[in-house]
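The primary structure of each chain is shown beneath.
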Amino acid sequence: VQLQASGGGLVQAGGFLRLSCAASGRTFNNYVMGWFRQAPGKEREFVTHISWSGGSKYYAHSVKGRFTISRDNAKNTVFLQMNSLKPEDTAVYYCAAGRVYYNRTPSLDDYAFWGQGTQLTVSS
């Protein structure tokens, strides 16, 4: 499956933004979809993921209550609504597709397909 993330940009602290990730190539609703991020000089980290149907979601503690993941299987798209943004949210955000949903933080190896990333910068 090919993934194309979009929607990044420059936002002031306290602001909001929505990222999108469009999928193509294989049956989208067969995949668990996740968002990860990587800040400069840091390792890529898990943000959130959503099950095939959208009925189950899991969030990293750092974004819980501020970020919301959703998916539209008819449009082969997954979204990340980010509210109350903080400077520490600044990173390149990647969407990814995997086969198994875990109700815990997954490892990067759980995801076989990755998008190219979209930059979010939150200014203070």
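Quick caveat: nothing in here was measured; it's all calculated off a predicted structure. (Residues numbered from 1 in each chain as written. Predicted model: local features only at pLDDT ≥ 70, side-chain atom pairs only at ≥ 80, totals over all residues. Heavy atoms only, no water.)

Remarks on the pattern of salt bridges
Inclusion rule: Whenever Lys or Arg places a side-chain nitrogen within 4 Å of a carboxyl oxygen from Asp or Glu, that contact is recorded as a salt bridge. Only DSSP runs of H or I with at least four residues qualify as helices, and only runs of E with at least two residues qualify as strands; both kinds are numbered from the N terminus onward. With a 1.4 Å probe rolled over the protein chains alone, any residue whose accessible area is under 20% of its type maximum counts as buried; one over 50% counts as exposed, and the rest are partly exposed.
What the rule picks out here adds up to three salt bridges. Here Arg37 ties to Asp89 by a salt bridge, and the two come within 2.9 Å at their closest N and O atoms. Taken together, the residues span a long stretch of sequence, with Arg37 in strand S4 (residues 32-38) and Asp89 in the loop between strand S8 (77-82) and strand S9 (91-98) at a distance of 52 residues. Residue classification places Asp89 among the buried residues on the basis of a relative accessible area of 0%. With a shortest N-O distance of 2.7 Å, Arg66 and Asp89 are connected by a salt bridge. Placement of the pair is Arg66 in the loop between strand S6 (57-59) and strand S7 (67-72) and Asp89 in the loop between S8 and S9, with a sequence separation of 23 residues. Here Arg66 matches Asp89 in class, with each residue buried. If you follow the salt bridges from partner to partner, you end up with Arg37, Glu45, Arg66 and Asp89 in one network.

Concerning the state of the cysteines
Put plainly, two cysteines are in a disulfide when a covalent bond ties their sulfur atoms together. Applicable threshold: A pair of sulfur atoms, both from cysteines and within 2.5 Å, is called a disulfide here.
Under the criterion given, the structure shown has one disulfide. At a sulfur-sulfur separation of 2.1 Å, the disulfide partner of Cys21 is Cys95. On the sign convention where negative means left-handed, the S-S torsion of about 60 degrees between Cys21 and Cys95 marks this disulfide as right-handed. In this pair, Cys21 is assigned in strand S3 (residues 17-24) and Cys95 in strand S9, connecting sequence segments 74 residues apart. There is no split in this pair, since Cys21 and Cys95 are both buried.

Quick look at the environment of Lys57
In plain terms, the rule: In what follows, residue pairs with any heavy atoms lying within 4.5 Å of each other are defined as contacts. Polar contacts, as counted here, are pairs of nitrogen or oxygen atoms within 3.5 Å of one another; within protein the pair requires one atom able to donate a hydrogen and one able to accept it, and residues that are adjacent in sequence qualify only if both atoms are side-chain atoms.
The topology assignment puts Lys57 in strand S6. The exposure class of Lys57 is partly exposed, given its relative accessible area of 35%. Separated by 18 residues in sequence, Lys57 and Ala39 have C-alpha atoms that sit 23 Å apart. Not counting residues up to four positions away in its chain, the partners in contact with Lys57 are His49, Ile50, Ile69, Tyr101 and Asn103. For Lys57, the side chain forms a polar contact with the main-chain oxygen of Ile69, separated by 3.1 Å.

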